[in-house]
Structure formats: C-alpha cells, structure tokens
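Each chain, written out:
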Amino acid sequence: MKKYLYEVKHLILLNVICNLIATIALANIPYLTKRLFDSIESRNLEYLVNIILIYVGCNVLNLIITYIENVVNFKIGIAFEVSLKKDFFKVITNYDYMKFSSKDIGEYISIQANEITQLEMDYLTPAIDIIKSINTFAIYGIMFFAFIDWRIALVVLGASIFSTLIAPNLTAKELSKRRKVYLDKMGIYVSKIKDLLEGFKLIQSKTRKNMFVEQESFLKDAAKARFAYGKFKSLALTVNGGFIYSLHIISFSIVGYLLIKKEITVGTAVATLGYLECFISPMGSLIYDINTIKSTRGIKLKVLEFLKDNEGEKNLIVKKDFNSSIEFKDATVDYDKFSLKDFSYRFEKNKKYAIIGHSGSGKSTIIGALMKYVNLSKGNIYIDGKSIEKLDISYIIHNISQHEHIFTGDYKNNVTVFGAFPFRKIGILEDSLSEVMLDSIVQKSDCQLLSGGEKQVLSIFRMCLADTPICIMDEVFSATDMNITEKLEKVLLSMKDKTMIIITHKLSEHLEEFDEILLIENGKLVQSGTYEDILKSAEYRKLQSA
Ligand SMILES: Nc1ncnc2c1ncn2[C@@H]1O[C@H](COP(=O)(O)OP(=O)(O)OP(=O)(O)O)[C@@H](O)[C@H]1O
C-alpha cells in the first residue's frame, strides 16, 4: 500500500501544510479568550477591538485554508483510487485463463467497486487524518504548555497517549474480521445480481417472484454480515468514546480543583477548557482513525494479494511464428465425470482440420487444453517442438467459439479489440455477405445488439484481423444460415497460409474440403484421416445415423 501512498506524497504534504496553517490560526482562539477575560478589569475598548480583529483574521484564514485542504483531500482520494483500480485491472488481465476463471467475475467487479473504494475512504483518509491529528495535538499541546497550565497539560497528555495505545487495540482484530466477511458477502451478492440480470429475458411474470426470492436470500446474507460488522463497530465507537469521556472527566476535575484552590485565574480556567476541547478532539479522531485503519486490514491484505500477483507476466516465451506443427502427446484432461483420454495427434502447418463427434464427446476440451484453459493431468502439447507450458501463444493462435464475447461498442472497436489488431477491409469474406447484412454489422453503434449469426460473423472478421497463422473455430456457424455458412467456410478453407481447426457437429457437405477429419467419441480419438477414410468407418456411420 506504501507505493500508492508514495504516489500522492506531494498532495499529502500540501494537505498537511494547509491543515497546519488552519490549525495554528484556530489555536489562537482560546488564547484570545484568556486575554479577553483576564483584561476585563481594565475595560480597554481599543484592546477589545484589537482582539476582535485578530479573532476575525484567525477565523477567515482558517476558513480559506480549510477550503483548499478539502479540495486537495478530494484530489488525493481520487488519485489513490484511480491508481489502485488501474493496477488491479492490469494484474487481472495478466492472469492466464485458468487462474482468472477460478474466481467469479462478480468478485473482481466487487473489488473494483467496493474494496478499493473502501480502502480510499477507510485507509487513505484516516492515514492522512492521523498526521493531521498529530499536528493539531502538537500545536495545542505547545499552546497548552506555553500559555495555560503545564500541570493540566501533563496529565491530559499522559492520559491521551495511554488511550491511543490501548483503545484501538481492544476491538481492531474482530472489527477487521467482520468487515472482511461483510465485503466477501457483498462480492457474492454482486456475482448473484450479475448472474440474474444476465438472464433478464427469463424474468417475467411467471418467474419474477422466484427471482426476487433468490436475490433476497443473497441480499439478506450480505445485510446480516453488514449488521454484524455495524454492531461491532458501534461497540468499538462506544469503547473509544468511553476513553475520550474519561479524558474530559479527568481534565474537568483538575481544572475545577485548581480553580477552587485559586491556583489558576478564571481566564486560564476558561481557556483551559477551550484548549482541552481542541486538544482532546484530535485524540478522539486519532483513536477513531487508528481503529478504522486496523479494520481495513483484511481488505488491504486481500487487495494486495491480487496486486502482487503478476504471474501472467513472467517466464513465458512469446511465440511469434508458427513453423511446422502442433503435436498432442497422450494429452489427458480429467474432469469430475469426464476424461479426454490419451489424445495424441499432430496438426501440420497450413492444413485444414475438422473435429467432429457427438455433443459432450470432448471436442472443445481438446481445444481448451491447447489454449491452456484447462490443465492436462497427463501428457503434453508441443508447438514446433516446444511445450506450450512455456509459450505465450496469443500471437500465433486465435480461437473463437460459438458464444464469442462481443463488447459494448461499435464494429471497429469490436473487430480490432480497441485497436489491438490493425483495421482493414476483409475483402473476400466481406464479399460473401449480402450488402444488407454487411451494413447491419459494420454500422451498428452497439454490436451487442447484433443477431446471433451476425455476432458469429463479426467474431470471424475479428479472427481474420488478428491474422494469426493458426485459427481455431468451435461451432462458430451454429447461428448462421446455410448459405452464409457455406460461403464463409469455403473462403476460410481456401486461405492457404492458415492452419485451421474447425469443430463442428453439423456434418456439412463441405467435410471433403478438409485435409483431415478427427472423429471423437467419449473422450477418445476413434478415427482420423481424409474424408474418404472417415466415410468408411463404422463410427462415422453411427454418428450420421444418430
Ligand atoms: N470445466 C469443466 N468441468 C467439468 N466438466 C466439464 C468442464 N468442461 C466440460 N466438461 C464436461 O466434459 C464433457 C466434454 O465437454 P466438451 O465441451 O469438450 O464437449 P464437446 O464435444 O465440445 O460438446 P459440444 O459439441 O456439445 O460442444 C462434457 O460432459 C462436459 O459436461
């Protein structure tokens, strides 16, 4: 967290200086009160006017500087939050897919929206406030010792330091624990809301009540955790308040005693009580701020855990060209109830492959293993003889699936992934579409509104702009009509310099245009070869008749 505080150090310094000036301006007020009371006998009007003028000056200066201080405060908070959010997003986007998908997207959203904002409010702001409280404390302390009564100052100072050391520690651990539980529950709630709203089309009069019940049960969980936190926080505040009140009682008693004993004047007594208020108030803030900071410990550790996690950035060799082959050797993936077993196959450069098989036979799992979306429990996969474990393959493989993500935004941003791929017209592919369809895709201001088939076409265009030597398509024609499917498939298969792997369970008429066909059944490669070879196999006939 120090790194983020360091980034705003100049603003913090400016903020603290402003606070110092404002406090010094205000610290004169009790002293002026003392002078006023103590000079009451002399009844000097000129003296009174002077005191009033200084009084006004102190207040005006305090007002102006406090305004600047508040503006700087906002600036610090925003800069801190922006920096944390930027880093957080950067780290997450460096994760490999497996790591990313081990957590729900709702949790990432919640950290961005809740935890980081809470750190700004309950870590950064109190941390700065602590510096300010110490300043205030020191200034009033000096005034107290210098102008009022050193005996009272000494007792109050001792009691204050004792309170600061004890009070926050009494409740900090439990407070931090409860706060983390509450924020974790909020994360789960955000995930739930995201899930329910993504299924918005299923929310209708018949289902609405059940959706409410589902949402409410998660909301109640989050609310319960929040109340548990709030209840304990109230207790912590009461404990803190108890310490502060005891400071007041001690000080009040000493002032009263010294006044009765005539050891101090009325002016000193009034000023002392004024100073005490100013002296004890930062004490209260100090205890509160230390408590608040300690309560963020759980959140801080959670966010820092993410931020230090830069695994994605390290050790991978970025592979920028594809020379000969992708080779699976005994690749095995084990899910709970399904296994891809000992899959061995060599995909040669520039050839076109179709992977066919029943639903759930394991076709996508083969691609998942190649894309490192799933772990191999046995075997390995090599590209040009190098194990994919050590490779960053994003420059050589572009994989698209049936429900490829389309960003909210226009065609150009979608197809180039915000400018990552150079934009150009994709001549022959675009010519395969009717003018009406092409216009509909290219001119949409929000491509999320495209039809299912149009979205699939857009993802194929995106793949072409990515211009990788290996293109993988997993059921990407499931929503396009026969005419478009045939035209696009034909164009794609005619691209001589691309290695293509197309997964399909539609046994299209174009199967003969592939160099090789792989038939997968129940997690096993049961047949491979040219269309003629496959045609002869009993497994293919079984698939055809299914
Ligand atoms: N992450 C996962 N965890 C557990 N099981 C999974 C996971 N992904 C897939 N499966 C299961 O593995 C089996 C094979 O799934 P896969 O997606 O590879 O099949 P497929 O041949 O591509 O099917 P389809 O043609 O319907 O897309 C299925 O039974 C599926 O439920």
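By the naming in an unreviewed UniProt entry, the protein chain is ABC transporter permease, taken from Inconstantimicrobium mannanitabidum.

A. Expanded view of the side chain of Asn 19. Turning to its location among the elements, Asn 19 is positioned in helix α2 (residues 9–38). Here Glu 69 takes part through its side chain, which lies 3.3 Å from a polar atom of the side chain of Asn 19. With residues up to four places along the chain from it excluded, the contact list for Asn 19 reads Glu 69, Lys 132, Asn 135 and Thr 136.

B. Highlighting α2. Under the 1.5 Å per step criterion, the end-to-end length of α2 is 44 Å for 30 residues, consistent within 8% with the ideal 44 Å. Maximum bend of α2: about 25 degrees, positioned at Pro 30.

C. Focus on empty space enclosed by the protein. Inspection of the entire model under this criterion finds one cavity of 30 Å³ or more. In terms of lining, the largest cavity is formed by Leu 175, Lys 233, Ala 236, Leu 237, Asn 240, Tyr 288, Asn 291 and Thr 292. Among the elements of the structure, α7 (208–260) and α8 (266–295) are those that each provide at least two residues to the lining of the largest cavity. When its residues are assigned to classes, the lining of the largest cavity shows four nonpolar, three polar and one charged.

D. Just the pairing of strand β11 (residues 516–521), in detail. With five bridges connecting them, strand β4 (residues 352–357) and β11 associate as parallel partners. Counted as the bridge partner of Gly 357 is Ile 520 from β11. With five bridges connecting them, β11 and strand β12 (residues 524–529) associate as antiparallel partners. Residue Glu 521 lies in a different strand from β12, and its bridge partner there is Lys 524. Hairpin connection, β11 to β12: the antiparallel pair is bridged by two residues, and Asn 522 has positive phi, about 50 degrees.

E. Examining the sheet that holds strand β2 (residues 325–334) more closely. Here we have four strands laid out as an open sheet, ordered β3-β2-β5-β6, and antiparallel in their pairing. Lying at the two open borders of the sheet, with one neighbouring strand each, are β3 (339–348) and β6 (386–387). As judged from the five bridges shared by β2 and strand β5 (residues 378–383), these two strands associate in the antiparallel manner. Each residue of the ladder has a partner; that of Phe 328, found in β5, is Ile 381. Lying over the sheet, helix α10 (residues 363–370) contacts β2, β3 and β5, oriented at roughly 115 degrees with respect to β2.

F. Highlighting the packing of aromatic side chains. Within this structure, the stated rule accounts for 14 aromatic pairs. With 5.0 Å between their ring centres and 80 degrees between their planes, Phe 328 and Phe 343 make a pair best called edge-to-face. With Phe 328 in strand β2 and Phe 343 in strand β3, the pair connects residues that are 15 residues apart, well separated along the chain. Assigned by exposure class, Phe 328 and Phe 343 land together as buried.

G. Spatial organisation of a negative patch on the surface. Together, Glu 512, Glu 513, Glu 532 and Asp 533 give the surface a local cluster of negative charge. A relative accessible area of 41% means that Glu 512 is categorised as partly exposed.

H. Local environment of unusual backbone geometry. Although it is not a glycine, Asp 330 sits at a positive phi angle of roughly 50 degrees. Within the element layout of this structure, Asp 330 appears in strand β2. For Asp 330, a relative accessible area of 38% gives the class partly exposed. Here Glu 475, not a glycine, exhibits a phi torsion of approximately 55 degrees, which is positive. Summarising the element assignment, Glu 475 is placed in the loop between β9 (470–474) and α15 (482–493). Accessibility expressed as a relative area gives 11% for Glu 475, which makes it buried.

Definitions and cut-offs
- Residues numbered from 1 in each chain as written.
- Predicted model: local features only at pLDDT ≥ 70, side-chain atom pairs only at ≥ 80, totals over all residues.
- Heavy atoms only, no water.
- Helix = DSSP H or I, 4+ residues; strand = E, 2+ residues; numbered from the N terminus.
- Polar contact = N/O pair within 3.5 Å; in protein donor to acceptor, adjacent residues only side chain to side chain.
- Contact = heavy atoms within 4.5 Å.
- Expected span 1.5 Å × (residues − 1).
- Bend = angle between axes of the 7 residues up to and from the residue.
- 1 Å grid on protein atoms, 1.4 Å probe; cavity = no way out; pocket = protein on both sides within 12 Å on 5 of 7 lines; lining within 4 Å.
- Points joined across faces, edges and corners; volume = space filled by probe spheres on them.
- Nonpolar A, V, L, I, M, F, W, Y, C, P; charged D, E, K, R; others polar.
- Pairing = 2+ DSSP bridges.
- Axes fitted to C-alpha atoms, helices over the stretch in contact; angles between N-to-C directions.
- Phe/Tyr/Trp six-rings, centres within 6.5 Å; stacked < 30°, edge-to-face > 60°.
- Buried < 20%, exposed > 50% of the residue type's maximum accessible area, 1.4 Å probe, protein only.
- Patch = residues over 30% accessible without salt bridge, like charges linked within 9 Å, V, L, I, M, F, W, Y side chains within 5 Å.
- Areas by Shrake-Rupley, 256 points an atom, 1.4 Å probe, with all protein chains shown as cover.
- Salt bridge = Lys/Arg side-chain N within 4 Å of Asp/Glu carboxyl O.
- Lys, Arg positive; Asp, Glu negative; His and termini not counted.
- Charge placed at Lys NZ, Arg CZ, Asp CG, Glu CD.

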